[in-house]
Amino acid sequence: MAEQEQEQEQEQEQTVVSVGLDGSPASVAAAHWAAAEAERRHVPLRLVHAREPMPTPDFAREGVEERQVRAAQELVERMREDVLDRHPGLRVTSEVVAEDPEVALLRVADASQMLVLGSYGMRRLPSFFLGSTSLAAVARADRPVVLVRVDEDPDGSAEGHTAAGGPQPPTAAGRRRGHAEHEEYEVHPHGPRVVVAVGLGHTYENLLRFAFESARATGLPLHVVHAIRLPSHVYVPGGPVVPHMAVEHRREVEKEVRALVQPWAERYPDVELHAALRLEGTVQAVVHEAEGSDLLVVGRCRKHRAPLGPRIGPVAHAAVHHAACPVAVVPHD
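So, how was this worked out
- Residues numbered from 1 in each chain as written.
- Predicted model: local features only at pLDDT ≥ 70, side-chain atom pairs only at ≥ 80, totals over all residues.
- Heavy atoms only, no water.
- Helix = DSSP H or I, 4+ residues; strand = E, 2+ residues; numbered from the N terminus.
- Buried < 20%, exposed > 50% of the residue type's maximum accessible area, 1.4 Å probe, protein only.
- Contact = heavy atoms within 4.5 Å.
- Areas by Shrake-Rupley, 256 points an atom, 1.4 Å probe, with all protein chains shown as cover.
- Polar contact = N/O pair within 3.5 Å; in protein donor to acceptor, adjacent residues only side chain to side chain.
- Phe/Tyr/Trp six-rings, centres within 6.5 Å; stacked < 30°, edge-to-face > 60°.
- Lys NZ or Arg CZ within 6 Å of the ring centre and 35° of its normal.
- Axes fitted to C-alpha atoms, helices over the stretch in contact; angles between N-to-C directions.
- Parallel < 35°, antiparallel > 145°, perpendicular 65-115°, else oblique.
- Left-handed = near helix turned anticlockwise from the far one by under 90°.
- Nonpolar A, V, L, I, M, F, W, Y, C, P; charged D, E, K, R; others polar.
- Pairing = 2+ DSSP bridges.
- Right-handed = clockwise from strand over helix to strand, strands pointing away.
- pLDDT = per-residue confidence, 0-100.
- Salt bridge = Lys/Arg side-chain N within 4 Å of Asp/Glu carboxyl O.

Draft legend 1. Quick peek at the overall build of the chain. Within the chain, the regular secondary structure consists of 10 helices and 12 strands. The 333 residues of the chain split such that 47% are buried. Intrachain contacts of the chain at a sequence separation of at least 6 include 77% that bridge at least 24 residues. Within the structure as shown, the chain displays about 16,800 Å² of accessible surface, and the carbon and sulfur contribution to it stands at 51%.

And the structure:
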């Protein structure tokens, strides 16, 4: 009975979308994206600012700590008022904690449906710029971490991703055709959608749950992308691909992807589902399929934690550094 109550309390704690604030334009964009997401999921929004504790009592005596606390409180309160102006019915809580930011973000993530952070990218160089704190959160959090990109102009001004205000309804997209056991999955033109990258080496339970829930919350179609690599036996030795063998291999991969996704499609029948099987490297397939999307969902295997520093894996690394849309990194076993 006590264990059941503890599980219920934990579930209640996790029914919140949290965002880390540091006063930068990137964190403002992240806060607005998180607010829209919380509103769609009908959960509260939690604004958190973590400040480094004072190293010595001398700073406290000189009033430095008091000024820092006041500035931090004003920061989160301004953000709270800004969010409520756009989302008046949303429940918003805010807090300032005197704690190492990395430790604080990991603790907040554990008690949240997701942790949302801002990140910068240069328009001339389509890449995320992650600080050590954000990277540590992505690499070590046991809950999904969403990175919301802000493009920075040469003059220093920043522009948030359009998804920060919430995605627009899809203008045109196909649907799953046929019955569950005879569905046809097609590659559709890029447009408003949620994209999730999967391989065939895991069950991806956390990853697919998050992706389907995100698609359902936004009302957008879900595109499942998988990179197909042709094995050596479909090639003539020292020569080209044998066409019929390549086609047969693709069909086998399609069956495996369908078997992976089908149980989730049955749990979320209202989610419009497509599969994109791309004949290219995994990193290239994920980045290309994410072009123009509203959210890219990628996985991070918890079993492969590196002993030296945070590591997130090649696919997640490419996604957070090169995808222009918000990127959700979801830990899985």
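Draft legend 2. Structural context of the environment of His249. Here His249 is to be found in helix 8 (residues 243-267). With 16 residues separating them in the primary sequence, His249 and His233 have C-alpha atoms 10.0 Å apart. Residues within four places of His249 in sequence aside, it is in contact with Ile228, Arg229, Leu230, Pro231 and Val234. Here Arg229 takes part through its backbone oxygen, which lies 3.4 Å from a polar atom of the side chain of His249.

Draft legend 3. Region of interest: the side chain of Arg149. Note on placement: Arg149 falls in strand 6 (residues 145-152). Within the structure, Arg149 has its side chain in polar contact with the backbone oxygen of Ala323 (distance 3.3 Å).

Draft legend 4. The packing of aromatic side chains, seen in detail. Following the criterion strictly, the structure yields two aromatic pairs and no others. Linked through ring pairs, Phe212, Trp264 and Tyr268 together constitute an aromatic cluster. Directly above the ring of Trp264 sits Arg267, whose terminal nitrogen or CZ lies 4.1 Å from the centroid.

Draft legend 5. A look at the packing of helix 2 (residues 25-41) against helix 4 (residues 64-86). For the pair helix 2 and helix 4, interaxial distance at closest approach is 10 Å and the crossing angle is 40°. Here helix 4 runs oblique to helix 2, going by the angle between their axes. The element helix 2 and its partner helix 4 pack so that their crossing is right-handed. Seen from helix 2, the contacting residues are Val28, Ala31, His32 and Ala35; seen from helix 4, they are Met79, Asp82, Val83 and Arg86. For the contact of helix 2 with helix 4, the residue count by class is five nonpolar, one polar and two charged.

Draft legend 6. Structural context of the packing of helix 9 (residues 282-289) against helix 10 (residues 314-322). Orientation of helix 9 relative to helix 10, taken along the N-to-C sense of each, is 35°, at an axis distance of 9 Å. Note on packing geometry: the crossing formed by helix 9 with helix 10 is right-handed. Residues Thr282, Val283, Val286 and Val287 of helix 9 pack against Pro314, Val315, Ala318 and His322 of helix 10. Here the residues of the contact of helix 9 with helix 10 are counted per class, giving six nonpolar, two polar and no charged.

Draft legend 7. Structural detail: the pairing of strand 1 (residues 17-20). What you see with strand 1 is no split at all: Val17 and Val19 on one side and Ser18 and Gly20 on the other are buried throughout. Sheet topology note: the strand 1/strand 2 (residues 45-51) ladder contains four bridges and is parallel. For Val17, the partnering residue across the bridge sits in strand 2 and is Leu45. The handedness of the strand 1 to strand 2 crossover, carried by helix 2, is right-handed.

Draft legend 8. Spotlight on unusual backbone geometry. Phi at His42 is positive, roughly 60°, even though this residue is not glycine. On the secondary structure map, His42 appears in the loop between helix 2 and strand 2. Phi is positive for Tyr204, which is not a glycine, with a value near 55°. Checked against the element boundaries, Tyr204 lands in the loop between strand 8 (194-197) and helix 7 (205-218).

Draft legend 9. Geometry of the confidence of the model for the chain. In this model, the chain carries an average pLDDT of 79, and 75% of its residues clear a pLDDT of 70 or more. Scored below 50 in pLDDT, residues 1-13 shows two contacts in the model against residues more than four places distant or in partner chains.

Draft legend 10. Main features of the pattern of salt bridges. What the rule picks out here adds up to 11 salt bridges. Across the salt bridge formed by Glu102 and Arg140, the nearest N and O atoms sit 2.9 Å from each other. Remark: Arg140 occurs in helix 6 (residues 132-140) and Glu102 occurs in helix 5 (residues 101-110); sequence separation between them is 38 residues. Glu102 sits in the partly exposed class, given a relative accessible area of 26%.

Draft legend 11. Looking closely at the environment of His321. Looking at the element boundaries, His321 is found in helix 10. Relative accessible area serves as the criterion here: at 18%, His321 is assigned to the buried category. Remark: the alpha-carbon pair of His321 and Val287, spanning 34 residues in sequence, is separated by 9.7 Å.

Draft legend 12. Looking closely at the pairing of strand 8. Of the two faces of strand 8, the one lined by Val194 and Val196 and the one lined by Val195 and Ala197 are each fully buried. Direction of pairing for strand 8 relative to strand 9 (residues 222-227): parallel, over a ladder of four bridges. Along strand 9, the bridge assignment pairs Ala197 with Val225. In terms of handedness, the path from strand 8 via helix 7 over to strand 9 forms a crossover that is right-handed. Here strand 8 pairs with strand 11 (residues 295-301) via three bridges, running parallel. Across the sheet, Val194 pairs through a bridge with Leu295, a residue of strand 11.

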